[in-house]
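# Results of the structural survey
Single-letter residue listing:
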Amino acid sequence: MATLYSRAESNTRRTWVLIFIFLTLVIGLGYLFSYLLDSYFILILAVVLSISMSFSSYWYSDRIVLRMNKAQEVEKEDYPELYRIVENLCITSGLPQPDVYVIESKQPNAFATGRNPEHGVVVATTGLIDKLEQDELEGVIAHELSHIGNRDALLQTAVVVLVGIVALLSRFFLRISFWSDNKKGGALFMWLGIGAAILTPIAATLIRLSISRKREFLADADGALLTRYPEGLASALEKISEDESDLEVARNSTAHLYTANPFRGEQSKSFFTRLFMTHPPVEERVKALRNMNIS
């Protein structure tokens, strides 16, 4: 397994670069509105919030995401087969045993979170456990453990919090811009500020998308190397994508965490969902897996 988890150090650096980018976006937006509204309090607020939320995104993003997705921690006696698969794959990969959480949902899907392998968490839906064969379930869990080993879980989970705070602050700046009468620079600069507040969360979302898509292919490859059986994950991806069950807790801010796109029905066909698709097409992932040569 020469390449397994070889990107961990690179992804840790990328996480800090990402945090710096989000700090710059928020502080820059705060500076613009503090100038336009002639209030240094706005800049101070932007600096304090951006630093505190960046800190929180590193240390607490996993807990936030688990709550957002209504995931519940389970013990070995609750789901012995799932636990056995996680334990065996961790022994094979050399990763510490992660905590195991379950989401009550008929849709088969999963995700991983945690700031490092020592604080890793694997989350599976009850549909994944009930509907997949053993080798398929192993493929999905290996995929998620690869996210943990490569520190993708830290990067992808931190993005949820950071994108969220950028969107919230942008809405806040927009509201106070309409409330205040003390506007510097005239209408043109004010509209430029409003445009920045609208475009900043879009830029943050595009950063999230650029991070997510490539990492799914990498985790697929590393997961297949871990199980030595690419067909297990390929078959699982087909089953997950073909299943029509809804994942009630799915939302745009966390969709990129899941093994496969969690949206179904009309939700998956919406313009917004297709525009900001977080996963490569399943057909491409399955083709890449079936073309792998593992000797």
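Overview of the structure.

Calculation rules
Residues numbered from 1 in each chain as written. Predicted model: local features only at pLDDT ≥ 70, side-chain atom pairs only at ≥ 80, totals over all residues. Heavy atoms only, no water. Helix = DSSP H or I, 4+ residues; strand = E, 2+ residues; numbered from the N terminus. Core = buried A, V, L, I, M, F, W, Y, C linked by side-chain atoms within 4.5 Å. Buried < 20%, exposed > 50% of the residue type's maximum accessible area, 1.4 Å probe, protein only. Contact = heavy atoms within 4.5 Å. Phe/Tyr/Trp six-rings, centres within 6.5 Å; stacked < 30°, edge-to-face > 60°.

As a further point, take unusual backbone geometry. Positive phi outside glycine occurs at Lys70, with the angle close to 55°. Phi is positive for Arg228, close to 65°, though the residue is something other than glycine. Turning to its location among the elements, Arg228 is positioned in the loop between helix H8 (186-227) and helix H9 (230-242).

A few words on the nonpolar core. The biggest cluster of nonpolar side chains holds 35 residues, and the ones touching the most others in it are Leu82, Leu89, Leu128, Val140, Ile141 and Leu145. The contact partners of Ile141, leaving out residues within four places of it in the chain, are Leu82, Ile85, Val86, Leu89 and Val122. Counting 17 residues, the second largest nonpolar core, distinct from the first, contains Ala71, Tyr101, Ala250 and Tyr258.

Note on aromatic pairs: each is described by the distance of the centres and the angle between the planes. According to the stated counting rule, one finds one aromatic pair in the structure shown. Here the aromatic rings of Phe111 and Tyr258 are separated by 5.1 Å at their centres, their planes lie at 70°, and the arrangement is edge-to-face. Of this pair, Phe111 sits in strand E3 (residues 110-113) while Tyr258 sits in the loop between H9 and helix H10 (265-269), and the two are 147 residues apart along the sequence. On the basis of relative accessible area, Tyr258 is assigned to the buried category, the value being 1%.

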